[in-house]
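Take a look at the letters that make up each chain.
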Amino acid sequence: MKLRQLPPRAATGAFVLHSGLQKWKGDEATAEMMHGMACGAYPVFRKLTAQQFLRLLSCGEIATGSLLLAPFVPAAVAGAFLTGFSGALLGLYARTPGMHEPGSPWPTQNGIALAKDSWMFGVGLGLLADDFTSCGCGRRCRCHG
């Protein structure tokens, strides 16, 4: 891991890991609420029970957070996981009625909790870009000026 990647990976990884650990202990009401929202945006999740969905979501967050925090995981791998995970959350935001103003990407009061996931998408893309535009020499070189 490059030193410049440490702050976004640590902050985002800790946030996502904590969220996943909290969901692992989630009660039935939490599972029902999250499952209902997800099924509205992604009908494939109707095949799962609410508790199965919550566990699956929890595992995804735990895995993504852990990959971001592990210094031996390449930025491209951690960035790809984070971009995919946050992209799915942004899809939920875009497809759920009442989350954003009609005809606009700007969130309603109800949508702020999901719209904030856009920063995770940005961090994921940044990690991918950093990994794919770096020669790996760890210093300024002729490759990158």
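Right, let's walk through the structure included here.

Procedures and definitions
- Here the residue index of a chain counts from 1 through its sequence in written order.
- With the structure being a predicted model, the display of local features is reserved for residues of pLDDT at least 70 and the display and counting of side-chain atom pairs for 80 or more, all residues being used for whole-chain, interface and lining totals.
- By convention in this description, side-chain values take in all heavy atoms of the structure and omit both hydrogens and water.
- The helix count covers DSSP runs of H or I at least four residues long, the strand count covers runs of E at least two residues long, and both are numbered beginning at the N terminus.
- A helix's residues, less one, multiplied by 1.5 Å, set its expected span.
- Each residue gets one of three labels from its accessible area relative to the maximum for its type: buried under 20%, exposed over 50%, partly exposed in between, using a 1.4 Å probe on protein chains only.
- Starting at the helix axis, one direction is taken to each C-beta atom, and the arc is that of these directions.
- Should any heavy atoms of two residues lie within 4.5 Å, those residues are counted as being in contact.
- Pairing of aromatic side chains here covers Phe, Tyr and the six-membered ring of Trp, requires ring centres within 6.5 Å, and sorts the geometry by plane angle: under 30 degrees stacked, over 60 edge-to-face, intermediate tilted.
- A ring is considered to have a charge above it if a Lys NZ or an Arg CZ atom is located within 6 Å of its centre and within 35 degrees of its normal.
- What counts as a salt bridge is simple: a side-chain nitrogen of Lys or Arg found within 4 Å of a carboxyl oxygen of Asp or Glu.
- We define a nonpolar core as any set of buried Ala, Val, Leu, Ile, Met, Phe, Trp, Tyr and Cys residues linked to one another through side-chain atoms lying within 4.5 Å.

**Considering helix α1 (residues 6-24)**
What sets the pattern is the α-helix's 3.6 residues per turn: residues three or four places apart point alike. If you check α1, its first and last C-alpha atoms are 26 Å apart, about what 19 residues at 1.5 Å a residue would give, namely 27 Å. Of all the residues in α1, the buried ones are R9, T12, G13, V16, S19, G20 and K23. Relative to the axis of α1, the buried residues are bounded by an arc of 135 degrees and lie together on one face. In this fold, the buried residues of α1 make contact with α2 (28-41), α3 (50-69), α4 (75-95) and α6 (118-132).

**As for the packing of aromatic side chains**
Applying the stated criterion across every chain yields a total of three aromatic pairs. Residues F15 and W119 carry aromatic rings whose centres are separated by 5.7 Å and whose planes lie at 75 degrees to one another, so their mutual orientation is edge-to-face. Taken together, the residues F15 in helix α1 and W119 in helix α6 connect sequence positions 104 residues apart. By relative accessible area, which is 34% here, W119 ends up partly exposed. Members of the aromatic cluster, connected to one another through ring pairs, are Y42, F45 and F53. Of note, R55 hangs over the ring of W24, and the distance from its end group to the ring centre comes to 3.8 Å.

**Looking at the pattern of salt bridges**
The final tally for this structure, using the stated rule, is three salt bridges. Between D117 and K116 there is a salt bridge, with its nearest N and O atoms 2.8 Å apart. Since its relative accessible area comes to 34%, K116 is described here as partly exposed.

**Some words on the environment of L127**
Along the chain, L127 turns up in helix α6. Assessed through its relative accessible area of 3%, L127 is described here as buried. As for L127 and A80, which are separated by 47 residues in sequence, their C-alpha atoms are 8.2 Å apart. Apart from the residues lying within four places of it in its own chain, the contact partners of L127 are Q5, R9, L68, A75 and G79.

**A word on the nonpolar core**
Judged by nonpolar contacts, the single largest core of 16 residues is most densely connected at L68, V73, L82, F85, M120 and L127. For this core, the secondary-structure elements that each account for two or more residues are α3, α4 and α6. For this core, the leading source of residues is α4, giving five residues. Leave out the neighbours within four places in its chain, and L68 touches M1, R9, T12, G13, A78, L82 and L127. Formed by six residues, the second largest nonpolar core is a distinct cluster that contains A41, M99, L114 and A115.

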